[in-house]
Amino acid sequence: MSIQMVISLSFTTVAVVGMIFMGLSLFWRFSSATGELVAENSQRVLAQVNLNLDSYLRSMMRVSDTMYYRVIKSADLGRDSLTAPMELLYEDDRDSLVSIALFDLRGGLVSAVPLSALKQPADLTQTGWFLSALQKKENLHFSTPHVQDLFEDPDYHYQWVVSLSRYVQLTRDGATEGGVLLVDMGFAGIEQVCRNVELPNGGYLYLIDGSGELIYHPRQQLIYSGLQEENNQAAARYRDGTHSEEFQGQRRQVTVKTVGYTGWKLVGVVPVEGGFVSDSRQIFLFGLSLLLFSIFLMAFLNFRISAHISDPIRRLEQSIKELEAGREEVEIEEGGCYEVQRLGHSIRSMVSTMRHLMDDIIEQEGQKRRSELEVLQSQINPHFLYNTLDSVIWMTEAGRYEEAIQMVTSLARLFRISLSRGKSIIPLADELEHARHYMNIQQIRYKNKFTTQINALPGTDGLYTMKLIVQPILENAIYHGMASAEDDGLITVTARREGEDLVIDVADNGLGMRPEVAASLLDEDRPEIRTSGSGIGVRNVHRRIRLTFGDRYGLTIFSEPDEGTTVRIRLPALDQDGAAQYQREDVP
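Residues numbered from 1 in each chain as written. Predicted model: local features only at pLDDT ≥ 70, side-chain atom pairs only at ≥ 80, totals over all residues. Heavy atoms only, no water.

Peer 1: Would you mind going over the layout of surface pockets in detail, with residue names and values included?
Peer 2: Size it by volume and the second largest pocket reaches roughly 420 Å³. Surrounding the second largest pocket, 14 residues form its lining, Leu-323, Arg-327, Met-354, Arg-355 and Met-358 being those nearest its centre. Those elements giving two or more residues to the lining of the second largest pocket turn out to be α8 (307–324) and α9 (338–377). Ranked by residue count, the leading element in the lining of the second largest pocket is α9, at 8 residues. Residue composition of the lining of the second largest pocket, grouped by class: 8 nonpolar, 1 polar and 5 charged. (1 Å grid on protein atoms, 1.4 Å probe; cavity = no way out; pocket = protein on both sides within 12 Å on 5 of 7 lines; lining within 4 Å. Points joined across faces, edges and corners; volume = space filled by probe spheres on them. Helix = DSSP H or I, 4+ residues; strand = E, 2+ residues; numbered from the N terminus. Nonpolar A, V, L, I, M, F, W, Y, C, P; charged D, E, K, R; others polar.)

Right under this line is the structure:
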């Protein structure tokens, strides 16, 4: 290497090593920061949900305080009714309230709105909310969500509610006694506060009470039915903040926030594998891309000084690559230093020589291909013509003039279609007409030993095909399929369209053959076997089709012993424009 190259490579290597070290350091820092950002984001989300939930719970507490301090304490139950102020208070918050009820210490109903008919029997003194209110008289007590089952609902609604109960002092005829105030609010409010929360990486939020009992969970029904599980009991023991845990083989980041006044806990769960790992992978890919770009930029700057020396060689190399890619019009530059100029001149001369040689080879291959097609099409054995004319002679001598005229007429039309004005691609209707005339001649010769059915299914109108491909198959079916058949021999020709292909099936109900024998008929390595007939043979038809249209097309033979034989001809479905293209290619 030159000293310029050594210096350039040395500086590039040092810069690359430094950038790799910095990239790994930044990647580690970004990975740590990602986890912290997710934790902070979860804490902010939970704080906002806590505010909304706190506002919702405060509205329940406000209803309870208003009912107690402004209504109950100022009323004497011996002479005053609480129904009217309770109804007024209910109407103010009826969108979130389900019911307000006041009970004495024996569980008797003092007043309630809007529902007032208790279900029977109902021993309220043993319910959880009633006992909680009596055990801690100075506190407010929130229950877990449950179906409202105290009062008869005339509309038969089953509403999920959260109950707020508290101990209250009642005045009756001047005497003081205890009671319990119950405020039922719809659970839909809490559900709505928690439902629309979005945490990173498909995380979710749920709400539990102090003992770990679920209050809200997005998959609550699945958990209650035992189809899913949640780590809510462990979450109840977590302190407020962010914790890492592994549950059911999945690493998760769990953020906990306690809801004031209730002891409930908001729990945010964010999967680690799908989030942090994915973010780390993205950061790594970004860092790798940045590193590669920096390496490219550094290498470009370091090598730019020597670029003017290697530019002519690089352009010469690009020209050679374009030649390898098959581009024809490539300009070979003769620039740079003397040696590069001489190299460019030599390559230009070589390319010019190669182009002339390629043109000659292509022309020779085209001529060879056309010659092969012409030879294959001209390999018609004269025996068929001789046998037909001989049949005409003995029919005439025997006085069977109508059959002789029919045979001569079919023979004339047969050769008229065979000539086709020198065209190798003819309409499908002409090819089938050619086959029909050929079979007319053969049926007369074989004294109607077999019958023929030639059909073109809908969709084949206007299609073109290579000429003289059906007759050899029919001839093969007559000489090999019908040779030992009785008077019920049948040969059918069916043309149909399959997508972009034209398929012609030639089937007979003759003796058939083993599948391995049928497969060998198209084998290119199999020796030629001359038999009576046209001489073209099945294999020659197969070769002609492949030479013209490619290896995707050709013949397929299906046969079973005593089941007959079907030869399937597959060609492209050509219209008039497509046929003209192949005419130009194959006919000189």
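Peer 1: An account of unusual backbone geometry is requested, with residue identities and associated values reported.
Peer 2: Residue Pro-114 follows Val-113 across a cis peptide bond; omega there is -10 degrees. Within the element layout of this structure, Pro-114 appears in the loop between β2 (109–113) and α3 (128–135). One non-glycine residue, Gln-248, lies in positive phi territory at about 55 degrees. Examined against the element boundaries, Gln-248 turns out to sit in the loop between β9 (241–247) and β10 (250–258). At Asp-562, a residue that is not glycine, the phi angle is positive and equals roughly 65 degrees. You can see Asp-562 is positioned in the loop between β17 (554–560) and β18 (564–572).

Peer 1: Any details on the sheet that holds strand β15 (residues 489–498)? Residues and values, ideally.
Peer 2: The strand order across the open sheet formed by 5 strands is β13-β15-β16-β18-β17, and the pairing between neighbours is mixed. Strand pairing shows two members of the sheet lacking a second neighbour, β13 (450–456) and β17, which therefore form its edges. Neighbouring strand axes in the sheet, compared pairwise and without regard to direction, differ in orientation by 15 degrees on average. Pairing of β15 with strand β16 (residues 501–508) involves 8 bridges; the strand directions are antiparallel. Pairing of Ala-495 across the sheet is with Ile-504, part of β16. (Pairing = 2+ DSSP bridges. Axes fitted to C-alpha atoms, helices over the stretch in contact; angles between N-to-C directions.)

Peer 1: Describe in detail a nonpolar patch on the surface, supporting the description with residues and values.
Peer 2: Residues Phe-286, Leu-290, Phe-293, Phe-296, Leu-297, Phe-300 and Leu-301 make up a contiguous nonpolar surface patch of about 770 Å² in total accessible area. A relative accessible area of 46% places Leu-290 in the partly exposed class. (Patch = residues over 30% accessible without salt bridge, like charges linked within 9 Å, V, L, I, M, F, W, Y side chains within 5 Å. Areas by Shrake-Rupley, 256 points an atom, 1.4 Å probe, with all protein chains shown as cover. Salt bridge = Lys/Arg side-chain N within 4 Å of Asp/Glu carboxyl O. Buried < 20%, exposed > 50% of the residue type's maximum accessible area, 1.4 Å probe, protein only.)

Peer 1: Can you break down the packing of helix α12 (residues 428–445) against helix α13 (residues 470–481) residue by residue, with the values?
Peer 2: Close contact between α12 and α13 brings their axes to 9 Å; oriented N to C, the two are set at 25 degrees. Between α12 and α13, the angle falls in the class roughly parallel. For the element pair α12 and α13, the recorded crossing hand is right-handed. Where α12 approaches α13, its residues Glu-431, His-434, Ala-435, Tyr-438, Met-439, Gln-442 and Arg-445 are matched on the opposing element by Val-470, Gln-471, Leu-474, Glu-475, Ile-478 and Tyr-479. Grouping the constituent residues of the contact of α12 with α13 by class yields 7 nonpolar, 3 polar and 3 charged. (Parallel < 35°, antiparallel > 145°, perpendicular 65-115°, else oblique. Left-handed = near helix turned anticlockwise from the far one by under 90°. Contact = heavy atoms within 4.5 Å.)

Peer 1: Account for the confidence of the model for the protein chain, with residues named and values stated.
Peer 2: On average, residues of the protein chain score 79 in pLDDT, and 84% of them reach the 70 mark or higher. Per-element confidence in the protein chain is highest for β16, whose mean pLDDT is 94, and lowest for helix α7 (residues 273–303), whose mean pLDDT is 70. Confidence drops under pLDDT 50 across residues 531–535; counting only partners more than four residues distant or on other chains, this segment forms 15 contacts. Note on residues 584–588: pLDDT is under 50 here. Beyond four places in sequence and across chains, it has 11 contacts. (pLDDT = per-residue confidence, 0-100.)

Peer 1: I'd love a proper account of the packing of aromatic side chains, names of residues and values included.
Peer 2: Tallied over the entire structure, the rule returns 6 aromatic pairs. With 4.8 Å between their ring centres and 45 degrees between their planes, Tyr-68 and Tyr-69 make a pair best called tilted. Judged by its relative accessible area of 7%, Tyr-68 falls in the buried class. Residues Phe-142 and Trp-264 carry aromatic rings whose centres are separated by 5.9 Å and whose planes lie at 70 degrees to one another, so their mutual orientation is edge-to-face. Of this pair, Phe-142 sits in strand β3 (residues 141–142) while Trp-264 sits in the loop between β10 and β11 (265–271), and the two are 122 residues apart along the sequence. (Phe/Tyr/Trp six-rings, centres within 6.5 Å; stacked < 30°, edge-to-face > 60°.)

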